[in-house]
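Given next are the chains, with one letter for each unit.
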Amino acid sequence: MICSLLEYIVEIYFFPGLKEHWWISNVGLVLVVIGEIIRKLAIVTAGRAFTHLIKRYHEDHHKLVTHGVYRYTRHPGYCGFFIWSVGTQIMLCNPLSTLAFAVVVLRFFQQRIPYEEYFLQQFFGSEYEDYSRRTSSGIPFLK
């Protein structure tokens, strides 16, 4: 975030024309709103199953959520966060930070999702395998 702020300040000082493309900012704003909606729908739909920590042990209340926004993607919370984070930088017309945010967040999810899915497969077995075949991860370049 600090790099994003620095990029914005440097570019507005040295290249103010870069920050005057309102249609680009508006596209970024739309992405921010869409990403936030997707993430909030994921949280509400999953209920108690949604946590910020990866569960390594199956709990009795832990059920595989496949309805609502989860019908379309296995990781809508991550998908929403990815869209939101990249959208914030597009909204600010920060080309370097847009690319950096996309790479960093993509890399983070490329490591986190396989780890999380390992445990989901342990918890739900063939039910999760079938579900993962029917849906995408919601993250670009990640099955």
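Residues numbered from 1 in each chain as written. Predicted model: local features only at pLDDT ≥ 70, side-chain atom pairs only at ≥ 80, totals over all residues. Heavy atoms only, no water.

- In the annotation of an unreviewed UniProt entry, the entry for the protein chain reads Protein-S-isoprenylcysteine O-methyltransferase, and the organism field reads Forsythia ovata.
- Reading the Catalytic activity (unreviewed entry) entry of the UniProt record for the protein chain gives the comment "[protein]-C-terminal S-[(2E,6E)-farnesyl]-L-cysteine + S-adenosyl-L-methionine = [protein]-C-terminal S-[(2E,6E)-farnesyl]-L-cysteine methyl ester + S-adenosyl-L-homocysteine".
- As its UniProt record puts it under Sequence similarities (unreviewed entry), the protein chain is described as follows: "Belongs to the class VI-like SAM-binding methyltransferase superfamily. Isoprenylcysteine carboxyl methyltransferase family." (UniProt positions renumbered as here; feature names shortened; annotations may be inferred.)

## Notes on the pattern of salt bridges
Working step 1: The final tally for this structure, using the stated rule, is 5 salt bridges.
Working step 2: With its nearest N and O atoms 2.6 Å apart, the salt bridge here joins K19 to E11.
Working step 3: Residue classification places K19 among the buried residues on the basis of a relative accessible area of 7%.
Working step 4: Taking the relative accessible area as the measure of exposure, E11 reaches 8% and is therefore buried.
Working step 5: With a shortest N-O distance of 2.6 Å, R74 and E117 are connected by a salt bridge. Linking R74 in the loop between α2 (22–46) and α3 (76–91) with E117 in helix α4 (residues 95–124), this pair joins segments that are 43 residues apart in sequence.
Working step 6: Residue classification places R74 among the buried positions, given a relative accessible area of 6%. (Salt bridge = Lys/Arg side-chain N within 4 Å of Asp/Glu carboxyl O. Buried < 20%, exposed > 50% of the residue type's maximum accessible area, 1.4 Å probe, protein only. Helix = DSSP H or I, 4+ residues; strand = E, 2+ residues; numbered from the N terminus.)

## With respect to α2
Given 3.6 residues to a turn, an α-helix orients residues that are three or four positions apart in the same direction.
Working step 1: The terminal C-alpha atoms of α2, which comprises 25 residues, lie 36 Å apart, in line with the 36 Å expected from a rise of 1.5 Å per residue.
Working step 2: When α2 is considered as a whole, its buried residues turn out to be S25, G28, V32, G35, I38, R39, A42 and A46.
Working step 3: Close packing links the buried residues of α2 with α3.
Working step 4: Where α2 ends, the next residue or the one after it, G47, has phi of about 60°, a positive value. (Expected span 1.5 Å × (residues − 1). Contact = heavy atoms within 4.5 Å.)

## Considerations on the packing of aromatic side chains
Working step 1: Scanning the entire structure with this criterion turns up 10 aromatic pairs.
Working step 2: Each ring, one from Y78 and one from F109, has its centre 4.6 Å from the other, and the planes form 25°; the classification is stacked. Residue Y78 is located in helix α3, and its partner F109 is located in helix α4; the two are separated by 31 residues in the primary sequence. Both residues of the pair, Y78 and F109, belong to the buried class.
Working step 3: A connected cluster of aromatic rings, assembled from ring pairs, spans Y78, F81, W84, F108 and F109. (Phe/Tyr/Trp six-rings, centres within 6.5 Å; stacked < 30°, edge-to-face > 60°.)

## Focus: the packing of α2 against α3
Working step 1: Put simply, α2 and α3 touch, their axes get as near as 7 Å, and they point 160° apart. One finds that α2 runs roughly antiparallel with respect to α3. Where α2 crosses over α3, the two elements pack in a sense that is left-handed. Residue-level contacts link I24, S25, G28, L29, L31, V32, G35, E36, I38, R39 and A42 of α2 to P76, G77, Y78, G80, F81, I83, W84, G87, T88, I90 and M91 of α3. (Axes fitted to C-alpha atoms, helices over the stretch in contact; angles between N-to-C directions. Parallel < 35°, antiparallel > 145°, perpendicular 65-115°, else oblique. Left-handed = near helix turned anticlockwise from the far one by under 90°.)

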